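# Chain and residue survey
As a plain string of letters, each chain reads:
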Amino acid sequence: MKKKILNGMVLLGLIGYTTVVHSQSTTTASFGIKGGANFSNLYVDDVDDNNVLTGFNLGLFVNMPLNEVVSIQPEFLYSQKGAKLSYNNALATGEAKFRLNYLEVPVLLKLNVTPNFNLHAGPYVAYLVDSKVTNETNGGTFDFEQNINNDDLNTFDYGLSGGFGFDFSTISIGARYNYGLNTVGKKQNIGGTTYTFPDGKNSSVSVYMGIKF
């Protein structure tokens, strides 16, 4: 009986040791760099694929597994967003490009559906580093470049992110959608009239490739 108990204790010890080692190996944090392209626009009521502006995203990520299936992944990115605006009215005809450059921090919950395929989602916050508005007009007197600057735009943006990815040994690829919840332009008052311009929120699709160290 004592021998059986001893053997059982040894077996339990081996199982416990194996579990701890396996848990440690699957919950080791990793980090890397990532970058890709952004396809962004500004929406007011409904998101559409009009006025898309192409930019890029580049930055760092840290993946912190909670177990084999779930992990937390914060990222620190430089991300270009904005939109193209085509206009044709009595004042002018042309196209303006709003380029909004953010330092963006998404915090994602990552679900490994398979060893190589994941779904991820979470909130993001972003800080407007700078903006550039260019205007190509065929006539008129309204000059976007002189009338819009960082002081007219909200410093912070926030929203929701969600997407999917494919993870391999050191490389990952994927796509993600960012849905902004804060209006880009500030409220302004001119001649007793209050308006917001640009009266839109960020919307962007990102494709990326990451390298894990």
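Rules used throughout
Residues numbered from 1 in each chain as written. Predicted model: local features only at pLDDT ≥ 70, side-chain atom pairs only at ≥ 80, totals over all residues. Heavy atoms only, no water. Core = buried A, V, L, I, M, F, W, Y, C linked by side-chain atoms within 4.5 Å. Buried < 20%, exposed > 50% of the residue type's maximum accessible area, 1.4 Å probe, protein only. Helix = DSSP H or I, 4+ residues; strand = E, 2+ residues; numbered from the N terminus. Contact = heavy atoms within 4.5 Å. Pairing = 2+ DSSP bridges. Axes fitted to C-alpha atoms, helices over the stretch in contact; angles between N-to-C directions. Patch = residues over 30% accessible without salt bridge, like charges linked within 9 Å, V, L, I, M, F, W, Y side chains within 5 Å. Areas by Shrake-Rupley, 256 points an atom, 1.4 Å probe, with all protein chains shown as cover. Salt bridge = Lys/Arg side-chain N within 4 Å of Asp/Glu carboxyl O. Lys, Arg positive; Asp, Glu negative; His and termini not counted. Charge placed at Lys NZ, Arg CZ, Asp CG, Glu CD. Polar contact = N/O pair within 3.5 Å; in protein donor to acceptor, adjacent residues only side chain to side chain.

### Notes on the nonpolar core
In summary, soluble globular proteins display a tendency toward joint burial of nonpolar side chains. Core analysis: the largest hydrophobic core is formed by nine residues, namely Leu-42, Ala-83, Leu-100, Tyr-102, Tyr-124, Ala-126, Leu-128, Leu-153 and Val-184. Taken together, the elements giving at least two residues each to this core come down to β4 (93–112) and β5 (117–137). A total of three residues in this core trace back to one element, the largest contributor, which is β5. Contacts of Val-184, omitting those with residues within four sequence positions, involve Leu-42, Leu-100, Tyr-102, Leu-153, Asn-154, Pro-198, Gly-200, Lys-201 and Asn-202.

### So, the sheet that holds strand β1 (residues 30–43)
The strand order around the closed barrel formed by eight strands is β1-β2-β3-β4-β5-β6-β7-β10, and the pairing between neighbours is antiparallel. Averaged over all pairs of adjacent strands, the angle between their axes in this sheet comes to 25 degrees, without regard to strand direction. Sheet topology places β1 next to strand β2 (residues 53–65); 11 bridges connect them, and they run antiparallel. Counterpart to Ser-30 in the pairing with β2 is Asn-63.

### Points about the pairing of strand β6 (residues 156–167)
Successive residues of a regular strand alternate their side chains across the two faces of the sheet. Of the pairings in the sheet, the one linking β5 to β6 comprises 11 bridges and is antiparallel in character. Opposite Tyr-124, over in β6, you have Gly-159 as the bridge partner. Relative to strand β7 (residues 171–183), β6 runs antiparallel, the two sharing nine bridges. Looking across to β7, one finds that Gly-163 is bridged to Arg-176.

### Describing a negative patch on the surface
On the surface, Asp-45, Asp-46, Asp-48, Asp-49 and Asp-199 cluster together into a negatively charged patch. For Asp-199, a relative accessible area of 43% translates into the label partly exposed.

### Remarks on the side chain of Ser-40
Position of Ser-40 relative to the elements: it lies in strand β1. Not counting the four nearest positions on each side in its chain, Ser-40 is found in contact with Asn-51, Val-52, Leu-53, Gln-80, Lys-81, Gly-82, Ala-83, Ser-203 and Ser-204.

### Observations regarding the environment of Ala-37
Take Ala-37: it is sitting in strand β1. The spatial distance from the C-alpha of Ala-37 to the C-alpha of Phe-56 is 4.2 Å, given a sequence separation of 19 residues. When residues no more than four places from it in sequence are discounted, the contact partners of Ala-37 are Gly-55, Phe-56, Asn-57, Val-205, Ser-206 and Val-207.

### Concerning the environment of Asn-67
For Asn-67, the position within the fold is in the loop between β2 and β3 (70–88). In this structure Asn-67 comes out as partly exposed when scored by relative accessible area, which is 37%. Residues Asn-67 and Thr-28, spaced 39 residues apart in sequence, show a C-alpha to C-alpha distance of 9.5 Å. Only 2.8 Å separates the side chain of Asn-67 from the backbone nitrogen of Val-69, close enough to count as a polar contact. Side-chain polar atoms of Asn-67 contact the backbone nitrogen of Val-70, separated by 2.8 Å.

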